[in-house]
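Summary of the model geometry
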Amino acid sequence: YDYDLLVIGSANADLVVGVERRPGPGETVLGSELDVHPGGKGANQAVAAARLGARTALLARVGDDAYGRLLLDAQQAAGVDTAGVLVGGAPTGVALITVDPSGDNSIVVSPGANGRLTPGDVRAAGGLLRASRVVSAQLEIPLETVVEAVRGLAPGTRFVLNPSPPRPLPPEVLRACDPLIVNEHEARVILGVEPVGEEPADRARALLARGPRSVVVTLGARGAWVASAQGAFPVPAVPVDAVDTTGAGDAFTAALAWRLGRGDALADAAAYAVRVGAAAVTRAGAQASYPTPEEVAAL
Ligand code: ATP
């Protein structure tokens, strides 16, 4: 394999403004100076994996504009192979983020070019899929594009999905996931309304019954639960002083996917991923917070 990990997903410019309070309908408020950061779940995962030392490629679409260049620069600086990043067709995706003094975010996402990453783009990147040990996807791109990725997997390639933002998944996609990685909110949406018990272990087992080969439920500062044919068990978090949890889930997913591709058992890969997630919350930002292997070891 040429790549340890191929990430198929979104790339967004995050435009962040601090406000004293959110404007009501028809109202204008003055905010702080604008911060612009590279983001989007796909771009975040690729940077997190590359920083850990994984040979990483990104399949995504950005606009032929300044935000697209910002995102490509950030990928290349982290060591991601961006030959699979398509340029043009729509403006780069943007997340408009207001943060109030309590730290609560309000976010509007304009998917832009992410919405134009098509099944045809995935078919055209078949060589990239076949050259990758693990393929990781999220749902900030069209679901039919993720379906096409599942269909294009080589027999030995492992598929990892974080269904965020969540929506019900076709059985074909669920069956390919090894693992399906969800937080508690995503777990609820994937499972639908039926009651499955309150415990994370119950959720993990209920999700496993929907067809994935394995499931990971992330629980923020409480760590994660893992479920597979071998059983369900908790993975404790690493206690840290959390500064900013933005993008922790993307760092966790990238670390898990990479370690699984190296042949780690799910329990060992998850134990490593909680360390990476913990390291990521000790610094501000998403991509800016992702650790090197030395920083993970020092935790
Ligand atoms: P986000 O959407 O913010 O990226 P998420 O909801 O997808 O995150 P979380 O469950 O919040 O995912 O975090 C992923 C992992 O990161 C957790 O399973 C845990 O290992 C680690 N983590 C997150 N927050 C903390 C914390 N406060 N302390 C220690 N570890 C944390």
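The chain has the name Ribokinase in an unreviewed UniProt entry, where Streptomyces sanyensis is given as its organism. The Pathway (unreviewed entry) comment attached to the chain in UniProt states, word for word, "Carbohydrate metabolism; D-ribose degradation; D-ribose 5-phosphate from beta-D-ribopyranose: step 2/2."

Okay, the sheet that holds strand 7 (residues 105-110) next. If you trace the 4 strands from one edge of the open sheet to the other, you get 3-2-6-7, paired in mixed fashion. Every other strand in the sheet has two partners, leaving strand 3 (35-39) and strand 7 as the edge strands with one partner each. The mean inter-strand angle of the sheet, taken between neighbouring strand axes irrespective of direction, is 20°. Across the sheet, helix 2 (residues 66-78) touches strand 2 (12-18), strand 3 and strand 6 (93-99), and the angle it forms with strand 3 is around 60°.

Moving on, we come to the UniProt feature "binding site: substrate" (unreviewed entry) in the chain. Sites flagged by UniProt as "binding site: substrate" (unreviewed entry) map to Asn12, Ala13, Asp14, Gly40, Lys41, Gly42, Ala43, Asn44, Glu140 and Asp250. By secondary structure assignment, the location of Gly40 is in the loop between strand 3 and helix 1 (41-52). Its 31 C-beta neighbours within 10 Å are what place Gly40 among the buried residues. Apart from the residues within four sequence positions on either side, Gly40 is in contact with Gly9, Ser10, Ala11, Asn12, Gly93, Asn114 and Glu140.

In the vicinity of the ligand there are 22 residues, among which Asn183, Thr218, Ala221, Gly249 and Gly277 approach most closely. Elements represented by at least two residues in the shell around the ligand include exactly helix 9 (248-261) and helix 10 (266-281). Considering only residue class, the shell around the ligand consists of 12 nonpolar, 9 polar and 1 charged.

Attention now goes to the packing of helix 7 (residues 184-191) against helix 8 (residues 200-208). Interaxial distance between helix 7 and helix 8 falls to 10 Å at its minimum, and their mutual angle equals 40°. Viewed along their axes, helix 7 and helix 8 adopt a mutual orientation that is oblique. Regarding helix 7 and helix 8, the two cross each other, and that crossing is left-handed. Contacts between helix 7 and helix 8 involve Ala187, Ile190 and Leu191 on the former and, on the latter, Arg203, Ala206 and Leu207. Partitioned by chemical class, the residues of the contact of helix 7 with helix 8 number 5 nonpolar, no polar and 1 charged.

Once that is clear, we can look at the nonpolar core. A general feature of soluble globular proteins is that nonpolar side chains tend to end up buried together. By size, the foremost hydrophobic cluster in this structure holds 86 residues, and its most contacted members are Leu6, Ala255, Leu256, Ala270 and Val276. Looking at which element gives the most residues to this core, the answer is helix 10, with 11 residues. Every residue in contact with Val276, bar those within four places of it in the chain, is listed here: Leu52, Ala251, Phe252, Ala255, Pro291 and Val296.

For the rest of this paragraph, the subject is the sheet that holds strand 11 (residues 214-218). The strands making up a sheet associate through hydrogen bonds between their backbones, and the pairing can be parallel or antiparallel. Across the sheet, which stays open at both edges, the 9 strands sit in the order 5-4-1-8-9-10-11-12-13 with mixed pairing between neighbours. Edge positions in the sheet fall to strand 5 (85-87) and strand 13 (231-235), since each has one partner strand and no second. Within this sheet the neighbouring strands show an average axis-to-axis angle of 15°, counted without direction. Pairing analysis gives 3 bridges linking strand 4 (residues 56-62) to strand 5, with the strands arranged parallel. Considered in strand 5, the bridge of Ala60 is made with Val85.

This part takes up helix 8. Taken as a whole, helix 8 has its buried residues at Pro200, Arg203, Ala204 and Leu207. Buried residues of helix 8, seen end-on, are gathered within an arc of 100° and therefore sit on one face of the element. Looking at the packing, one finds that the buried side of helix 8 touches strand 10 (177-183), helix 7, strand 11, strand 12 (224-228) and strand 13.

The interhelical angle for the contact between helix 1 and helix 9, taken along N-to-C directions, is 55°, at an axis separation of 8 Å. Considering the angle they form, helix 1 stands oblique to helix 9. Where helix 1 crosses over helix 9, the handedness of that crossing is right-handed. The segment helix 1 lies against helix 9, with Lys41, Asn44, Gln45, Ala48, Ala49 and Leu52 engaging Asp250, Ala251, Thr253, Ala254, Ala255 and Trp258. Residues that form the contact of helix 1 with helix 9 fall into these classes: 7 nonpolar, 3 polar and 2 charged.

Conventions we followed
- Residues numbered from 1 in each chain as written.
- Predicted model: local features only at pLDDT ≥ 70, side-chain atom pairs only at ≥ 80, totals over all residues.
- UniProt positions renumbered as here; feature names shortened; annotations may be inferred.
- Pairing = 2+ DSSP bridges.
- Helix = DSSP H or I, 4+ residues; strand = E, 2+ residues; numbered from the N terminus.
- Axes fitted to C-alpha atoms, helices over the stretch in contact; angles between N-to-C directions.
- Contact = placed C-beta atoms within 7 Å.
- Buried ≥ 20, exposed ≤ 12 C-beta atoms within 10 Å, placed from the backbone.
- Near = placed C-beta within 6 Å.
- Nonpolar A, V, L, I, M, F, W, Y, C, P; charged D, E, K, R; others polar.
- Parallel < 35°, antiparallel > 145°, perpendicular 65-115°, else oblique.
- Left-handed = near helix turned anticlockwise from the far one by under 90°.
- Core = buried A, V, L, I, M, F, W, Y, C linked by C-beta atoms within 7 Å.
- Arc of directions from axis to C-beta.

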